[in-house]
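Residue-level structural notes
Listed below, chain by chain, are the residues.
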Amino acid sequence: MQGNSLRHGVTLFNRAHFFDAHEVLEDVWRSLPRDRPSRRHLQGMVQLAVAFHHESTGNHVGARSVLERAMRNLNGADSSFPDLDLDRLRAELELWRRHLDDSEGADEKKLDGRDVRRHTAPALPKITRRS
């Protein structure tokens, strides 16, 4: 895997530059042979960036849909990314999955044009190294 590009994409993701992270990670993903399991795992990271880009633009339905696929594609990714703390990432993503479940339809619940959602979003997830 293109280590420097992968690190750069993860750094962009962790800085909440989700669109740019998606672009960088997708380039790494495209460079991998189709028969490598790490390709699916990297696709999960690309999808995470897309999901959180959707969230940042208020597209909660899109964010929820892509987050589900990302979480599925990250199953077993510990073998592809042994230095990353994927257990922590999965826990953070589960909080987001629940938050987005609660948020679905909330866009329609407005009072005098103001959003009346009562759920505060969790902290943005980070892709970190194992300690």
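The structure we're discussing is the one just above.
Description of the structure in this document. Note that the structure is predicted; figures quoted are calculated from it, not measured.

Let's talk about the overall build of the chain
Helix and strand content of the chain: 5 helices and 2 strands. Mapped from its N terminus to its C terminus, the chain presents α and β elements in the order α-α-α-α-α-β-β. Counting every position in the chain, which comprises 131 residues, the buried fraction comes to 42%. A separation threshold of at least 6 residues defines the contact pool for the chain, and within that pool the share at least 24 residues apart is 61%.

Brief notes about the packing of helix H1 (residues 3-14) against helix H2 (residues 18-31)
Closest axis-to-axis distance for the H1/H2 pair is 8 Å, and the angle between their directions is 160°. With respect to H2, the axis of H1 lies roughly antiparallel. Note on packing geometry: the crossing formed by H1 with H2 is left-handed. Each of Ser5, Leu6, His8, Gly9, Val10, Leu12 and Phe13 in H1 lies in contact with H2, whose residues at this interface are Phe18, Asp20, Ala21, Val24, Leu25 and Val28. Of the residues in the contact of H1 with H2, the class split is 9 nonpolar, 3 polar and 1 charged.

Details of the nonpolar core
One finds Leu42, Met45, Leu48, Phe52 and Leu67 to be the most contacted residues of the largest nonpolar core, which totals 33 residues. Elements that contribute at least two residues to this core include exactly H1, H2, helix H3 (37-56), helix H4 (60-73) and helix H5 (86-103). Among the elements that make up this core, the one with the highest residue count is H3 (7 residues). Beyond its immediate chain neighbours, meaning those up to four positions away, methionine 45 contacts Leu6, Leu25, Leu74, Phe81, Leu84 and Ile127.

Observations concerning unusual backbone geometry
Positive phi values are uncommon outside glycine, yet alanine 16 reaches one of about 65°. Looking at where alanine 16 falls in the secondary structure, it is placed in the loop between H1 and H2.

Overview of H3
Its 20 residues place the ends of H3 29 Å apart at the C-alpha level, agreeing with the 28 Å of an ideal helix rising 1.5 Å per residue. Trailing H3 by a residue or two, glycine 58 shows a phi angle of about 85°, which is positive.

Calculation criteria
- Residues numbered from 1 in each chain as written.
- Predicted model: local features only at pLDDT ≥ 70, side-chain atom pairs only at ≥ 80, totals over all residues.
- Heavy atoms only, no water.
- Helix = DSSP H or I, 4+ residues; strand = E, 2+ residues; numbered from the N terminus.
- Buried < 20%, exposed > 50% of the residue type's maximum accessible area, 1.4 Å probe, protein only.
- Contact = heavy atoms within 4.5 Å.
- Axes fitted to C-alpha atoms, helices over the stretch in contact; angles between N-to-C directions.
- Parallel < 35°, antiparallel > 145°, perpendicular 65-115°, else oblique.
- Left-handed = near helix turned anticlockwise from the far one by under 90°.
- Nonpolar A, V, L, I, M, F, W, Y, C, P; charged D, E, K, R; others polar.
- Core = buried A, V, L, I, M, F, W, Y, C linked by side-chain atoms within 4.5 Å.
- Expected span 1.5 Å × (residues − 1).

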